[in-house]
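Tertiary structure, described
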Amino acid sequence: MALGEKSLAENLTDMGGLFPNKEAQKALAAFAEPFLSIAHRSKLNWQLGIVNEAGINACAAPGGKMFYNPELIAVCDHPAELASVIAHEIGHIDYDHHGKQLQLAQMVDQALKSHGKALDPELIKAGYGGSPSLALMRGWGLDNEFEADANIHTHFAKLGLDHAKASLFFHKLLKIEPPDRETSLFSTHPGSRERIRRLDESANFYAPARSEFTPPGWQTLKSIFPTPPQFRNG
Ligand SMILES: [Zn+2]
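**Some points on the sheet that holds strand β3 (residues 65–68)**
Two strands in a sheet stick together by hydrogen bonds in their backbones, pointing the same way (parallel) or opposite ways (antiparallel). An order of β1-β3-β2 is seen for the three strands of this open sheet, with the pairing classed as mixed. Strands at the two margins of the open sheet, each flanked by one partner only, are β1 (47–50) and β2 (58–61). Across the sheet, the axes of successive neighbouring strands diverge by a mean angle of 15°, strand direction being ignored. Pairing between β1 and β3: four bridges, direction parallel. Bridge pairing in β3 links glycine 49 to phenylalanine 67. Of the strands in this sheet, β1 and β3 are in contact with helix α2 (residues 22–36), which crosses β1 at around 135°.

Here you go:
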């Protein structure tokens with residue numbers, strides 16, 4: 001049984017169901033379409049939706065499913081901010097991070113089993129920095145985040161978005177997320193600052209976009225999820 005191999009309905013139930021506004025769902029699908037059209041795994045059954053879940057978060061599930069929270073769309077004041085999150089989540093699926101994470105988890109599991117006796121919890125703590133799953137998130141998981149972030153620039157270059165705005169959303173999140181909070185999209189452990197640094201550094205290698213591309217559906221999304229004044233870019 002593959003990790004996270006749930007039906008769309010099961011994923012949705014976990015997250016409070018779909019946000020009950022068809023116009024909003026259609027607008028997000030329209031916004032994401034240009035990004036999905038350049039995804040590598042074109043044979044996947046890509047599906048995305050706005051879910052009824054609180055918090056500024058988005059996530060990708062195996063098989064091409066992506067979920068976006070209303071609050072996340074609301075805090076995006078510029079289309080490049082939402083575009084960066086979508087390109088990031090597509091990156092996780094395009095590079096099959098779920099499959100790789102599962103392989104690694106199975107390797108850890110095998111290693112623990114072949115050890116033949118119960119592992120000393122203190123040893124796990126010392127070796128893995130708390131727990132095996134935490135170690136995956138902190139170390140190896142961070143590499144996946146870097147790789148998914150690199151997809152932001154790849155997609156921005158192909159579609160004509162401003163590379164200088166690739167990290168705009170993450171800069172904003174760093175300011176508004178309390179320091180102890182970690183989400184599947186972003187966490188405030190030191191890796192997050194490094195992610196922003198890499199995004200900003202990479203932006204310098206691209207020519208500025210002549211005219212900036214605004215994905216379809218943006219105006220509709222903003223009329224349904226207006227950006228609160230404290231999250232406007234000014
Ligand atoms: Zn991620």
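**Quick word on the nonpolar core**
Counting 43 residues, the largest nonpolar core has Leu28, Tyr68, Ile73 and Ile86 as the members making the most contacts within it. Of all elements in the fold, only α2, β1, β2, β3, α3 (70–75), α4 (79–94), α7 (132–159) and α8 (168–176) reach the threshold of two or more residues within this core. A per-element tally of this core places α4 first, with eight residues. Apart from the residues within four sequence positions on either side, isoleucine 73 is in contact with Ile50, Tyr68, Leu82, Leu221 and Phe225.

**Section: α2**
The end-to-end C-alpha distance of α2, which contains 15 residues, comes to 20 Å, matching closely the 21 Å that a straight helix rising 1.5 Å per residue would cover. Every buried residue of α2 is listed here: Ala24, Ala27, Leu28, Phe31, Ala32 and Phe35.

**So, the environment of asparagine 57**
Within the fold, asparagine 57 resides in the loop between β1 and β2. Taking the C-alpha atoms as reference points, asparagine 57 and isoleucine 73, separated by 16 residues in sequence, lie 9.1 Å from one another.

**A short note on the packing of α2 against α4**
α4 packs onto α2 with a crossing angle of 55° between their chain directions and a minimal axis gap of 10 Å. Considering their axes alone, α2 and α4 lie oblique with respect to each other. The way α2 lies across α4 gives a crossing that is right-handed. For the pair formed by α2 and α4, the contact residues are Phe31, Ala32, Phe35 and Leu36 on the first element and Leu82, Ile86, Ala87 and Ile90 on the second. For the contact of α2 with α4, the per-class residue count stands at eight nonpolar, no polar and no charged.

Cut-offs applied
- Residues numbered from 1 in each chain as written.
- Predicted model: local features only at pLDDT ≥ 70, side-chain atom pairs only at ≥ 80, totals over all residues.
- Pairing = 2+ DSSP bridges.
- Helix = DSSP H or I, 4+ residues; strand = E, 2+ residues; numbered from the N terminus.
- Axes fitted to C-alpha atoms, helices over the stretch in contact; angles between N-to-C directions.
- Contact = placed C-beta atoms within 7 Å.
- Core = buried A, V, L, I, M, F, W, Y, C linked by C-beta atoms within 7 Å.
- Buried ≥ 20, exposed ≤ 12 C-beta atoms within 10 Å, placed from the backbone.
- Expected span 1.5 Å × (residues − 1).
- Parallel < 35°, antiparallel > 145°, perpendicular 65-115°, else oblique.
- Left-handed = near helix turned anticlockwise from the far one by under 90°.
- Nonpolar A, V, L, I, M, F, W, Y, C, P; charged D, E, K, R; others polar.

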